[in-house]
Number of protein chains: 2
Amino acid sequence: MRSHYCGLLTAQHAEQQVSLCGWVNRRRDLGGLIFLDLRDREGLVQVVCDPDLAELFKVAYTLRNEFCIQVKGQVRARPESQINADMATGAVEVYASEVIILNKAAPSPLDANQNNSEEQRLKYRYLDLRRPVMSDRLKFRAKVTSFVRNFMDNNGFLDVETPILTKATPEGARDYLVPSRTHKGEFFALPQSPQLFKQLLMMSGLDRYYQIVKCFRDEDLRADRQPEFTQIDIETSFMSAEQVMNLTEEMVQKMFASLLDVDLGQFPRMTYHEAMRLYGSDKPDLRNPMQLVDIADLVKDVEFKVFSGPANDAKGRVVALKVPQAAAKVSRKDIDGYTSFVGIYGAKGLAWMKVNDTEQGIEGIQSPVAKFLTADIVSEILQRTAAQNGDLILFGADNYNTVCEAMGALRLKIGEDLAITQAGWQPLWVVDFPMFEQADDGSYAAVHHPFTAPVDSASFLTTPIDQIQQGDLLSNAYDMVLNGTELGGGSVRIHNSDVQAKVFSLLGISDEEAKEKFGFLLEALKYGAPPHAGLAFGLDRLVMLMTGATSIRDVMAFPKTATAACPLTNAPSSANPAQLAELSIQVIKKPS
Amino acid sequence: MRSHYCGLLTAQHAEQQVSLCGWVNRRRDLGGLIFLDLRDREGLVQVVCDPDLAELFKVAYTLRNEFCIQVKGQVRARPESQINADMATGAVEVYASEVIILNKAAPSPLDANQNNSEEQRLKYRYLDLRRPVMSDRLKFRAKVTSFVRNFMDNNGFLDVETPILTKATPEGARDYLVPSRTHKGEFFALPQSPQLFKQLLMMSGLDRYYQIVKCFRDEDLRADRQPEFTQIDIETSFMSAEQVMNLTEEMVQKMFASLLDVDLGQFPRMTYHEAMRLYGSDKPDLRNPMQLVDIADLVKDVEFKVFSGPANDAKGRVVALKVPQAAAKVSRKDIDGYTSFVGIYGAKGLAWMKVNDTEQGIEGIQSPVAKFLTADIVSEILQRTAAQNGDLILFGADNYNTVCEAMGALRLKIGEDLAITQAGWQPLWVVDFPMFEQADDGSYAAVHHPFTAPVDSASFLTTPIDQIQQGDLLSNAYDMVLNGTELGGGSVRIHNSDVQAKVFSLLGISDEEAKEKFGFLLEALKYGAPPHAGLAFGLDRLVMLMTGATSIRDVMAFPKTATAACPLTNAPSSANPAQLAELSIQVIKKPS
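Under an unreviewed UniProt entry, chain A has the name Aspartate--tRNA ligase and belongs to Rheinheimera salexigens. One UniProt comment on chain A, placed under Sequence similarities (unreviewed entry), says "Belongs to the class-II aminoacyl-tRNA synthetase family. Type 1 subfamily." Of the comments in the UniProt record for chain A, the one headed Subcellular location (unreviewed entry) reads "Cytoplasm".

A few words now on the overall build of chain A. Along its length, chain A carries 16 helices and 23 strands. Taking the principal axes of the C-alpha coordinates as reference, chain A spans close to 95 × 75 × 55 Å. For chain A, the proportion of its 592 residues judged to be buried stands at 57%. Sequence-distant contacts, at least 24 apart, represent 68% of the contacts inside chain A between residues at least 6 apart. A total of about 24,400 Å² of accessible surface is found on chain A, and carbon and sulfur atoms cover 48% of it. For chain A, the separation between the mean place of its 61 positive charges and that of its 75 negative charges on side chains is 6 Å.

Listed as interface residues are 118 residues of chain A and, on the opposing side, 119 residues of chain B. For the pair chain A and chain B, the summed buried area comes to about 10,500 Å², and 58% of that belongs to carbon and sulfur atoms. When the buried area of chain A at its contact with chain B is split by residue, Glu-161, Phe-238 and Tyr-527 of chain A rank highest and sum to 8% of it. The interface formed by chain A and chain B contains 12 salt bridges. A salt bridge links Arg-2 of chain A to Asp-207 of chain B, with the shortest nitrogen-to-oxygen separation between them at 2.5 Å. At the surface where chain A touches chain B, the tally comes to 62 residue pairs in polar contact (both at pLDDT 80 or more). With 10 residues, the single largest contributor to the side of chain A that touches chain B is helix H4 (residues 132-154) of chain A.

Once that is clear, we can look at the sheet that holds strand E1 (residues 17-30) of chain B. All names here are of chain B. One closed barrel accounts for five strands, arranged E1-E2-E3-E5-E4; its pairing is mixed. Taking each pair of neighbouring strands and ignoring which way they run, the sheet shows an average axis angle of 55°. In this structure, E1 lies alongside strand E2 (residues 33-40), joined through seven bridges in antiparallel fashion. Residue pairing in the sheet places Arg-28 in a bridge with Phe-35 of E2. Along the sheet, helix H1 (residues 54-62) contacts E1, E2, strand E3 (43-49) and strand E5 (92-103); its crossing angle with E5, the most-contacted strand, is approximately 70°.

Here we take up unusual backbone geometry. Residue and element names in this part refer to chain A. Put simply, Ala-571 and Pro-572 share a cis peptide bond, and its omega is -5°. Secondary-structure assignment places Pro-572 in the loop between helix H15 (539-547) and helix H16 (577-582). At Glu-15, a residue that is not glycine, the phi angle is positive and equals roughly 80°. Inspection of the secondary structure puts Glu-15 in the segment before strand E1 (17-30). Under the relative-accessibility criterion, Glu-15 is labelled exposed at 54%.

All names here are of chain A. UniProt tags Glu-171, Arg-217, His-448 and Arg-493 as "binding site: L-aspartate" (unreviewed entry). Locating His-448 in the fold gives a position in the loop between strand E19 (444-446) and helix H12 (457-462). Structurally, Arg-493 is set in the loop between strand E21 (485-492) and helix H13 (497-506). The exposure class of Arg-493 is buried, given its relative accessible area of 3%. Within the structure, Arg-493 has its side chain in polar contact with the side chain of Glu-235 (distance 2.8 Å).

Glancing now at the domain arrangement of chain A. Here chain A is described as being made up of domain 1 (6-103), domain 2 (262-270 + 423-529) and domain 3 (288-418). Each of domain 1 of chain A and domain 3 of chain A has a C-alpha centre, and the two are 62 Å apart.

All names here are of chain A. Compared with the 26 Å implied by 1.5 Å per residue over 18 residues, the 25 Å span of helix H11 (residues 400-417) between its first and last C-alpha is a close match. Regarding H11, the residues found buried are Thr-402, Val-403, Cys-404, Ala-406, Met-407, Gly-408, Ala-409, Leu-410, Arg-411, Ile-414 and Gly-415. Looking at the buried residues of H11, the elements they touch are helix H7 (272-279), strand E12 (292-294), strand E13 (316-323), helix H9 (332-344) and strand E16 (392-399). One or two residues past the end of H11 sits Ala-419, with phi positive at roughly 55°.

This brings us to the state of the cysteines. Taken as a whole and judged by the stated rule, the model has zero disulfides over all chains. Unpaired in this structure, Cys-68 of chain B has its nearest cysteine sulfur neighbour in Cys-21 of chain B, at a distance of 7.0 Å. For the unlinked cysteine Cys-215 of chain B, the closest cysteine sulfur is that of Cys-566 of chain A, found at 17 Å.

In this section: the side chain of Thr-561 of chain B. Examined against the element boundaries, Thr-561 of chain B turns out to sit in the loop between helix H15 (539-547) and strand E23 (573-574). Discounting chain neighbours no more than four positions away, the residues touching Thr-561 of chain B are Glu-119, Leu-122, Leu-221 and Pro-567 of chain B.

Our focus in this paragraph is the packing of H4 of chain A against H15 of chain A. Residues and elements named next belong to chain A. Here H4 crosses H15 at 120°, and the two axes come no closer than 10 Å. Regarding the angle of H4 to H15, the classification is oblique. Note on packing geometry: the crossing formed by H4 with H15 is right-handed. Contacts from Arg-137, Phe-140, Arg-141, Val-144 and Thr-145 of H4 reach H15 at Leu-539, Asp-540, Leu-542, Val-543, Met-546 and Thr-547. Split by residue class, the contact of H4 with H15 holds six nonpolar, two polar and three charged.

When the UniProt feature table is mapped onto this chain numbering, "binding site: ATP" (unreviewed entry) sits at Arg-217, Asp-218, Glu-219, Gln-226, Glu-486, Gly-538, Leu-539, Asp-540 and Arg-541 of chain A. In the annotated set above, the residues contributing to the lining of the second largest cavity are Gln-226 and Asp-540 of chain A. Not counting the four nearest positions on each side in its chain, Asp-218 of chain A is found in contact with Arg-174, Asp-175 and Tyr-176 of chain A together with Arg-181 and Leu-583 of chain B. If you trace the backbone, Gln-226 of chain A turns up in the loop between strand E9 (208-216) and strand E10 (228-237). Taking the relative accessible area as the measure of exposure, Gln-226 of chain A reaches 4% and is therefore buried. Apart from residues no more than four positions distant in its own chain, Gln-226 of chain A is found in contact with Arg-217, Leu-221, Ile-552, Arg-553, Met-556, Pro-559 and Lys-560 of chain A.

Cut-off values and rules
Residues numbered from 1 in each chain as written. Chains lettered and ligands numbered in written order. Predicted model: local features only at pLDDT ≥ 70, side-chain atom pairs only at ≥ 80, totals over all residues. Heavy atoms only, no water. UniProt positions renumbered as here; feature names shortened; annotations may be inferred. Helix = DSSP H or I, 4+ residues; strand = E, 2+ residues; numbered from the N terminus. Buried < 20%, exposed > 50% of the residue type's maximum accessible area, 1.4 Å probe, protein only. Contact = heavy atoms within 4.5 Å. Areas by Shrake-Rupley, 256 points an atom, 1.4 Å probe, with all protein chains shown as cover. Lys, Arg positive; Asp, Glu negative; His and termini not counted. Charge placed at Lys NZ, Arg CZ, Asp CG, Glu CD. Buried area = accessible area lost by both parts, 1.4 Å probe. Salt bridge = Lys/Arg side-chain N within 4 Å of Asp/Glu carboxyl O. Polar contact = N/O pair within 3.5 Å; in protein donor to acceptor, adjacent residues only side chain to side chain. Pairing = 2+ DSSP bridges. Axes fitted to C-alpha atoms, helices over the stretch in contact; angles between N-to-C directions. Domains from an automatic or database assignment. Expected span 1.5 Å × (residues − 1). Disulfide = S-S within 2.5 Å. Parallel < 35°, antiparallel > 145°, perpendicular 65-115°, else oblique. Left-handed = near helix turned anticlockwise from the far one by under 90°. Nonpolar A, V, L, I, M, F, W, Y, C, P; charged D, E, K, R; others polar. 1 Å grid on protein atoms, 1.4 Å probe; cavity = no way out; pocket = protein on both sides within 12 Å on 5 of 7 lines; lining within 4 Å.

So, in structure tokens, the structure goes:
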């Protein structure tokens, strides 16, 4: 029915007869003519309906916004004076010879000025997706997946599908469950990732695997979370961490070059500890140049307990954050606001210091805590932070994690507020993560997942378990970070059943529990499992960053609301009692 | 760790130093040397371990089957006399300088002669997949998906993901349900297909969509069914059925040419009624030349009620099936067997006729029913079936559906038994399906699905509902059939809300039920829905056919058993009571 896309007509098509299909984006009646902006997936073109063609004009006169029509006509170059430079097709228009209404449209329930609630937008998703800004994101997403697949195919990776109906996975988040009809009282779980299956594929000798795959987590939702999300999932045998990082870095570099014409350059590497030390975050946004500066050693002996307490505690931390040229821009009220902000992360206060004159040392600063500090301390703080006149210095003092979280978040916030964070793209790799993290009750959990190999597997294996310093162990894991967002993470996996059993043991997983949950993995490791490593990217977040969208909902065709519902289809909904009986389950509470 | 794949070494690599990684496929100690067949994804190569290298030889001596090892060494061309023509790498061997054991392997629990139960194979799937015949199928599958994606991308189709957690779909099979935690007592369903979402994408103006996507049906399983399966799902706006068929035919033709070097030629078209008439099936296997021949008109007046009953019944059918040159090959016992066989399909008997001498008419045949037939009837039967001396003719007489099913199945079985069915590839399109099929209770169901457009939507819309002959309505649907298997099916969809409402009404779906189940579709049709059409291929079956596998389980990495369980991971399994409580459900029977 169509000879050309509306949005792709150019002066090259002038004088050609065309047949277009699309939607009436706007109709204007002007000087006796009717002008239509006709829209399809590729854009808009202006259609002219001439009253001399009475039949045509009668039809054109009935057209309303969003009518689906077919237009036959001739492309005409517009006179120089009428060229619309704001429109990709602005050099031409189509002189209609026939207009056929394919389907009428009731007035849109969505507000044309986009004052629509998220609920309303999702309910009429098919109308919201007609906006070019929305459909462009889906088009871009398709380009990303196509790029990834070609890259992986060309590197010898095999696209292999793994099950969606599977066993509860150990990623730690809550599983979605699916009752089994043939095994009464039992449940499948939807995968949080294909982690164990991709490892099994390596044990199958498939050598290189990838998949763009749906994953599921039944978690309370935030702006960047959805019950189902998509991973670019990669696993390979016989490659080191270094090789996996190089390969996936190359993929992302080439993707940005190809789809955004952006040169990301080589990605710097930073250890986890360095990232926490400088940025208070394991996914630092390097577009923001501010860094945390440790000063615990300077304030051990001051009378101000807020500083000296953490400074003398092995688990404490005291840092300064210099905000360049902010002394005059940040008011007392702003500082009160920032104090509340760091309170969200558990910080009990926020000390500050304005630098008026670095030449004058302690005399040249203004600070409520100045009275607790000596001239030497102030001088050293100014030196370590490389302070200039007009700078503002903020202080965080608390236990290590609280300082990192609070001051790391404050750094980002001030970076945005004062436009210190620059535009552009700042990728990096964060490496040498701790293997385990300790909870308040003293127990340890895996930082990545319990299949991540230690950096030094051999010494891990030979060290008696009671001599292992769990907190000090480093894992062979790596995260790719872009502009403060974790794009993907991966690791070298454990391929030795003794190492795997020892890790389970350190995690407090009993032999029985390990056998129940991961028995098949431990068994599989006994049959010549190859060394293997991999990585998974969050596709939604990647596309969100690349398109400049502010929510992953805007880069998915049919996302769920914050309560995990679909206003379009009304899912979830109540089930047929007969079907529940077949599944041997019943609802124990009334629908809320 | 690897410089080359084992299976890709050729004489071109002679004298090169290589590093290989893989599994010991076999070890032979011969003439003081140790020979290893080393296997990786791409194949085998022979490795020679020389006792002069004492360290190496000591390691080689400890190797057992399926040990995962790294071998460094030099590629050597084998002397002419030692070239192994049965091995892709048979012109070379690798003279090892170092063998490193990456992982040991316990003896395989699978029988090397492949006398393994399906259960056992699935439990040790990662070992079963090490067999080249198995891994080759997964590699081929990856080639198919890659081919499809490139073809669709190049034709302007966008890969768009649709939800897995969605609302119960109307395809008719049983849904898998997923309890919602945030909406207590309510359930998501896993999609039987993305049918409605892809139609909504057309209403969004996305124009051309495809997806290779998991679908789910909680049905009792047969050899070619799995709880989760994969569709190549396609939808397009502004294209006719003809255009969709041409495009997808081109895709399959090019796929066969590219991946199998097979020229499928242009696909013939056949109406549903013609297919039922000639083959008793809507997915005829044209590799089998036998056809059903109608003879009801000949036997209306015979005394044999088995023939004359159906012959005089408007819903009856009487057919002859000529089996060429089978009179001498098929014994009485064989015929008894075939009689039992058609009994499975409800046929009450199987009359037969051996053709000894066509010249002699009724005198030249041998048949238990000969006494009921006149010379004219026999002569006409011989003529219509173009019988030759030595042929066997079988008869089916019953109601129309039973004759089609029983004689259609018998045609296939005899085709296999007597090697009448030829090798090769016989694709076709089956078109002009009935819109509705009538159940025994007189009610009508959709043959495809209730969103399929009638061939003539305009007259359908204007004909008063009580004047519509439901049984005679044809739908604008099309199935692609290959060698008796339905590869894919599709249709032009309804894009007019009045047509859709009328179809629901004819299906006995009340306004209320239609609104409850498909309200969002009826609503969406009001806002300028474009004409659209599509098709979905069963990827598993396509790959099964192309690889010559006999079950779709053999072309999936991790399939389920016939009771929808996974012996590898032990899914499904019992759930944590606390999690069930969170989901507001409980199990009402003990696990079986």
